[in-house]
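A structural walkthrough
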Amino acid sequence: MRFVLRDAEKIICAALFLAMTALGFVNVAVRYLTNYSLAATEELLVNGFLLLTIFGAAVAARTGDHLAVTLVYDLLPPPARKVLLLLSGALAVLLLTLSAWFSWQLLSNQLATGSRSYALQIPAWYYSAGLPFAFALVLVRYVQHARETWRTLDAGADGHG
């Protein structure tokens, strides 16, 4: 159980990627064998890529591999690094909180209006249901990494890698 909690986003990414690869392969095989395409696969793959991207961001946030420009941070002494870490952490928490909230609003709107997807005509909220959870997971993983970086700075190391 501990593995699932520690690596939930990795498991989700692996399952999504496997499903998307299989779906893409089936679409190519059907197109090659029958000259017809499974039009709905585009809708499924686009929404799969969206979820894969956000859950992938959670993987990167947990390990500190997310996109970052560290030139200024690396030049600062440890006390100033702490200030910069707090500032960047607060801004990241704000951004991720707003992203989770707005994706929750999207989900609520889709549920309230009964909007449907364009190809499969299934409820659009099916695709959006994972977004608030994914952004919340990125937030949790980012805070975990920032806490580890803070501890590293307290220990006197450089705080990276």
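Below: a short report on this structure. (Residues numbered from 1 in each chain as written. Predicted model: local features only at pLDDT ≥ 70, side-chain atom pairs only at ≥ 80, totals over all residues. Heavy atoms only, no water.)

What to know about the nonpolar core
The condition is simple: Residue types Ala, Val, Leu, Ile, Met, Phe, Trp, Tyr and Cys, when buried and joined through side-chain atoms within 4.5 Å, form a set referred to as a nonpolar core. Exposure categories follow from relative accessible area, calculated using a 1.4 Å probe and restricted to protein chains: below 20% of the type maximum is buried, above 50% is exposed, and the middle band is partly exposed. Per the convention used, a helix needs a DSSP run of H or I reaching at least four residues, while a strand needs a run of E reaching at least two, with both numbered from the N terminus. Any two residues whose heavy atoms approach within 4.5 Å are treated as being in contact.
Judged by nonpolar contacts, the single largest core of 20 residues is most densely connected at Ile54, Phe55, Leu96 and Val138. Breaking this core down by element, the ones donating at least two residues are α2 (8-34), α3 (40-63), α5 (78-113) and α7 (131-155). The contacts of Ile54, once residues within four sequence positions are left out, are Leu131, Ala134, Phe135 and Val138.

With respect to the side chain of Ser103
Take Ser103: it is sitting in helix α5. Overall, Ser103 belongs to the buried group, its relative accessible area being 6%. Those residues in contact with Ser103, other than ones at most four positions away along the chain, are Leu131, Pro132 and Phe135.

Digging into the packing of α3 against α7
Test applied: Here an angle of 0 to 180 degrees is reported between the N-to-C directions of two axes, which are lines fitted to C-alpha atoms, with helices fitted over the stretch in contact. Roughly parallel means an angle under 35 degrees; roughly antiparallel means over 145; roughly perpendicular covers 65 to 115; every other angle is labelled oblique. Crossing handedness: left-handed means the near helix sits turned counterclockwise from the far one by under a right angle, and right-handed means the same turn made clockwise. Side-chain classes follow a simple rule in which Ala, Val, Leu, Ile, Met, Phe, Trp, Tyr, Cys and Pro form the nonpolar group, Asp, Glu, Lys and Arg form the charged group, and the remainder, Gly included, forms the polar group.
The interhelical angle for the contact between α3 and α7, taken along N-to-C directions, is 15 degrees, at an axis separation of 7 Å. Judged by the angle between their axes, α3 and α7 are roughly parallel. As α3 packs across α7, the resulting crossing turns out to be left-handed. Contacts between α3 and α7 involve Leu50, Leu51, Ile54, Phe55, Ala57, Ala58, Ala61, Arg62 and Thr63 from the first element and Leu131, Phe133, Ala134, Phe135, Leu137, Val138, Arg141, Tyr142, Gln144, His145 and Glu148 from the second. Counted by class, the contact of α3 with α7 contains 14 nonpolar, three polar and three charged residues.

Description of α2
This is how the line gets drawn: Helix span is expected to be 1.5 Å times the residue number reduced by one.
For α2, which comprises 27 residues, the first-to-last C-alpha distance of 39 Å matches the rise-based estimate of 39 Å (1.5 Å per residue) to within 8%. Asn35 sits one or two positions beyond α2 and adopts a positive phi of about 65 degrees.

Regarding the packing of aromatic side chains
To keep it simple, the criterion reads: Two rings from Phe, Tyr or Trp (for Trp, the six-membered ring) form a pair when their centres sit within 6.5 Å of each other. Planes less than 30 degrees apart are called stacked, planes more than 60 degrees apart edge-to-face, and all others tilted.
According to the stated counting rule, one finds three aromatic pairs in the structure shown. With a centroid separation of 5.9 Å and 50 degrees between ring planes, the pair formed by Phe55 and Phe133 is classed as tilted. With a gap of 78 residues between them, Phe55 in helix α3 and Phe133 in helix α7 connect regions that are remote in the sequence. Classification of Phe55 as buried rests on a relative accessible area of 4%.

Shape descriptors only; they carry no functional weight alone.
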